[in-house]
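# Breakdown of the fold
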Amino acid sequence: MASKAFTLDELKRTLREAAGVAEGVDLDSDILDTEFDVLGYESLALLEAGSLIEREYGISLDEEAVNDATTPRAFIDVVNAQLAPATAA
């Protein structure tokens, strides 16, 4: 089964499910390079989002790589790096 690339919209959906949205934060604005702490997400929320993504996509994310991803762009890159082998198969 071929997987598609993980997108910003999918990340926003997952973040909302994992931790909600902080008051005053607009996830629908241009957030791709905004630090997660500015968006109101701490490491625990990102780990929870990572767990949801792992279950939904059937992949395993490197916990250290998830912790090092400080922006949505970096987080999406971490997920897509794990999806890439699945799409190549």
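Everything numeric here is computed off the predicted structure, so don't read it as measured data.

## Re the packing of helix 1 (residues 8–19) against helix 3 (residues 43–57)
- At a minimum axis distance of 9 Å, the contact between helix 1 and helix 3 shows a crossing angle of 115°. Between helix 1 and helix 3 lies a crossing of right-handed hand. Counted together, Glu10, Arg13, Thr14, Leu15, Glu17, Ala18 and Ala19 of helix 1 and Ala45, Leu46, Glu48, Ala49, Leu52, Ile53, Glu56 and Tyr57 of helix 3 form the full contact between these two elements.
- Class assignment of the residues belonging to the contact of helix 1 with helix 3 gives a composition of nine nonpolar, one polar and five charged.

## Structural notes on the environment of Glu17
- Counting through the fold element by element, Glu17 comes out in helix 1.
- Overall, Glu17 belongs to the exposed group, its relative accessible area being 54%.
- Considered as a pair, Glu17 and Glu48 are 31 residues apart in the sequence and their alpha carbons are 9.3 Å apart.

## Some thoughts on the packing of aromatic side chains
- With the rule as written, the count across this model stands at two aromatic pairs.
- When the ring of Phe6 is compared with that of Tyr57, the centres are 5.6 Å apart and the planes differ by 80°; the resulting orientation is edge-to-face. Here Phe6 is found in the segment before helix 1, whereas its partner Tyr57 is found in helix 3, with 51 residues between them in sequence. For the pair shown, Phe6 and Tyr57 are each scored as buried.
- Between the aromatic rings of Phe36 and Phe75, the centroid separation amounts to 6.0 Å while the plane-to-plane angle is 80°, which identifies the pairing as edge-to-face. Taken together, the residues Phe36 in helix 2 (residues 36–39) and Phe75 in helix 5 (residues 72–88) connect sequence positions 39 residues apart.
- Of the residues examined, Phe36 reaches a relative accessible area of 2% and is grouped as buried.

## Things to note about a negative patch on the surface
- On the surface, Asp62, Glu63, Glu64 and Asp68 cluster together into a patch of negative charge.
- Mapped onto the elements, Glu63 comes out in helix 4 (residues 63–68).
- Classification of Glu63 by relative accessible area gives exposed; the value is 52%.

## Digging into the nonpolar core
- Core analysis: the biggest nonpolar cluster contains 23 residues, and Phe6, Phe36, Tyr41, Ile53, Phe75 and Val79 have the highest contact counts within it.
- Contributions of two or more residues to this core are made by helix 1, helix 2, helix 3 and helix 5.
- The residues contacting Phe75, other than those within four sequence positions of it, are Leu11, Phe36, Leu46, Ala49, Gly50, Ile53, Val66 and Ala69.

The rules we used
- Residues numbered from 1 in each chain as written.
- Predicted model: local features only at pLDDT ≥ 70, side-chain atom pairs only at ≥ 80, totals over all residues.
- Heavy atoms only, no water.
- Axes fitted to C-alpha atoms, helices over the stretch in contact; angles between N-to-C directions.
- Helix = DSSP H or I, 4+ residues; strand = E, 2+ residues; numbered from the N terminus.
- Left-handed = near helix turned anticlockwise from the far one by under 90°.
- Contact = heavy atoms within 4.5 Å.
- Nonpolar A, V, L, I, M, F, W, Y, C, P; charged D, E, K, R; others polar.
- Buried < 20%, exposed > 50% of the residue type's maximum accessible area, 1.4 Å probe, protein only.
- Phe/Tyr/Trp six-rings, centres within 6.5 Å; stacked < 30°, edge-to-face > 60°.
- Patch = residues over 30% accessible without salt bridge, like charges linked within 9 Å, V, L, I, M, F, W, Y side chains within 5 Å.
- Areas by Shrake-Rupley, 256 points an atom, 1.4 Å probe, with all protein chains shown as cover.
- Salt bridge = Lys/Arg side-chain N within 4 Å of Asp/Glu carboxyl O.
- Lys, Arg positive; Asp, Glu negative; His and termini not counted.
- Charge placed at Lys NZ, Arg CZ, Asp CG, Glu CD.
- Core = buried A, V, L, I, M, F, W, Y, C linked by side-chain atoms within 4.5 Å.

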